[in-house]
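Overview (structure and organization)
Spelled out, the chains give:
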Amino acid sequence: MQRFVAVAALLVVAIQAFAGIPDIEPSNNTLAGAAPSINKPTPWADVGVLHLTPNDSDFIKIWLNAGDLINVLTYPMDSSSDPDTVIALFDGVSSTALVWDDDSGPGVGSFFAFSSPTSGWYYLAITGLHSGDESLLTYYEGARHIQDGPYMLTVSAVPEPATLLTLGMGVAGLLGICRRRK
């Protein structure tokens, strides 16, 4: 019975953790049309293969709790250089990004990690590299670039450290109870 419960719990987590991120065109080219919405209990992770075409942007709406740490990574799929992505995270209130990145380290992939200060909806924006201020919403909604090709998007969120500590203590307690019974 214990093995059945453990396997069932792992399946639920696995299904919830890797649901995939679809690319819904053309509605996801603005913050207002952001899709899909990701609203899951942390920790979670999603991976998707999306496609940029010239002047295209992809917006994704994500729920984060206060203290959640979100990690976002993009990487081109066809070649080592196309598409060259730029990513940003907006709170839906300000037209200035909370965090953004282009070419984290060498290459054309982008990466950032961000700890959400408050619970709420956040908006992930991905577009192709072009001239302009990468911290502004207009850079993504008014994208004018020639980037074209598929890219991999990986997004993960983990709860704040206190929640992880509590979860770890609970797991340790359950393991202790199982060990004592044997």
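Not measured: the values here are computed from a predicted model. (Residues numbered from 1 in each chain as written. Predicted model: local features only at pLDDT ≥ 70, side-chain atom pairs only at ≥ 80, totals over all residues. Heavy atoms only, no water.)

**A short note on the pattern of salt bridges**
With the rule as written, the count across this model stands at 1 salt bridge. Residue Lys-40 is joined to Asp-46 by a salt bridge in which the shortest nitrogen-to-oxygen separation is 3.0 Å. The two residues Lys-40 and Asp-46 agree in class, both being buried. (Salt bridge = Lys/Arg side-chain N within 4 Å of Asp/Glu carboxyl O. Buried < 20%, exposed > 50% of the residue type's maximum accessible area, 1.4 Å probe, protein only.)

**Overview of the nonpolar core**
Counting residues in each nonpolar core, the largest one holds 22 residues, and the members touching the most others are Ile-60, Ile-62, Leu-124, Leu-153 and Val-155. Going through the elements one at a time, β2 (44-52), β3 (57-64), β4 (69-76), β5 (85-90), β7 (110-115), β8 (120-128) and β9 (149-158) are the ones with two or more residues in this core. Here the element with the most residues in this core is β9; it accounts for 4 residues. Once residues lying within four places of it in the same chain are set aside, the contact partners of Val-155 are Ile-21, Trp-44, Ala-45, Asp-46, Ile-62, Ile-70, Asn-71, Val-72 and Leu-124. By size, the runner-up hydrophobic cluster in this structure holds 12 residues, among which are Phe-59, Phe-90, Ala-97 and Tyr-140. (Core = buried A, V, L, I, M, F, W, Y, C linked by side-chain atoms within 4.5 Å. Helix = DSSP H or I, 4+ residues; strand = E, 2+ residues; numbered from the N terminus. Contact = heavy atoms within 4.5 Å.)

**Details of the sheet that holds β5**
The strand order β1-β3-β8-β5-β6 describes an open sheet built from 5 strands, whose pairing is mixed. Of all strands in the sheet, those with a lone pairing partner are β1 (37-38) and β6 (99-102), marking the two edges. Pairing between β1 and β3: 2 bridges, direction parallel. The residue of β3 that forms the bridge with Ser-37 is Lys-61. (Pairing = 2+ DSSP bridges.)

**A closer look at the sheet that holds β2**
The sheet built from 4 strands is open, its strands ordered β2-β9-β4-β7 with antiparallel pairing. Two strands in the sheet have a free side with no partner beyond their single neighbour: β2 and β7. Averaged over all pairs of adjacent strands, the angle between strand axes in this sheet comes to 15°, irrespective of strand direction. (Axes fitted to C-alpha atoms, helices over the stretch in contact; angles between N-to-C directions.)

**Some details on the pairing of β9**
Direction of pairing for β2 relative to β9: antiparallel, over a ladder of 9 bridges. The partner of Ala-45 across the bridge, within β9, is Ser-156. Note that β4 and β9 share 8 bridges and pair antiparallel. Among the inter-strand pairings, Leu-73 is bridged to a residue of β9, identified as Thr-154.

**Some details on the packing of aromatic side chains**
This model, assessed by the stated rule, comprises 4 aromatic pairs. Measuring from centroid to centroid gives 5.7 Å for Phe-90 and Tyr-140, while their planes differ by 75°, and the two rings are edge-to-face. Of this pair, Phe-90 sits in strand β5 while Tyr-140 is found in helix α2 (residues 137-141), placing the two residues 50 residues apart along the sequence. Each member of the pair, Phe-90 as well as Tyr-140, is classed as buried. Seen in terms of ring centroids, Tyr-139 and Tyr-140 are 5.1 Å apart; in terms of plane orientation they differ by 70°. Their pairing is edge-to-face. Under the relative-accessibility criterion, Tyr-139 is labelled buried at 3%. Here the aromatic residues Phe-90, Tyr-139 and Tyr-140 are joined through ring pairs into a cluster of three or more. One residue, Lys-61, lies across the ring of Trp-121, its end atom 4.7 Å from the ring centre. (Phe/Tyr/Trp six-rings, centres within 6.5 Å; stacked < 30°, edge-to-face > 60°. Lys NZ or Arg CZ within 6 Å of the ring centre and 35° of its normal.)

**Thoughts on the environment of Pro-150**
Its place among the elements puts Pro-150 in strand β9. The buried category is assigned to Pro-150, whose relative accessible area is 14%. The spatial distance from the C-alpha of Pro-150 to the C-alpha of Val-49 is 6.5 Å, given a sequence separation of 101 residues. If we ignore the near neighbours within four places in the chain, the residues touching Pro-150 are Val-49, Leu-50, His-51, Pro-76, Met-77, Asp-78, Asp-82 and Pro-83.

**A few points about the confidence of the model for the protein chain**
Residues at a pLDDT of 70 or more form 69% of the protein chain, whose mean pLDDT is 80. Of the regions scoring below 50 in pLDDT, residues 4-19 engages in 9 contacts with residues more than four places distant in sequence or in other chains. (pLDDT = per-residue confidence, 0-100.)

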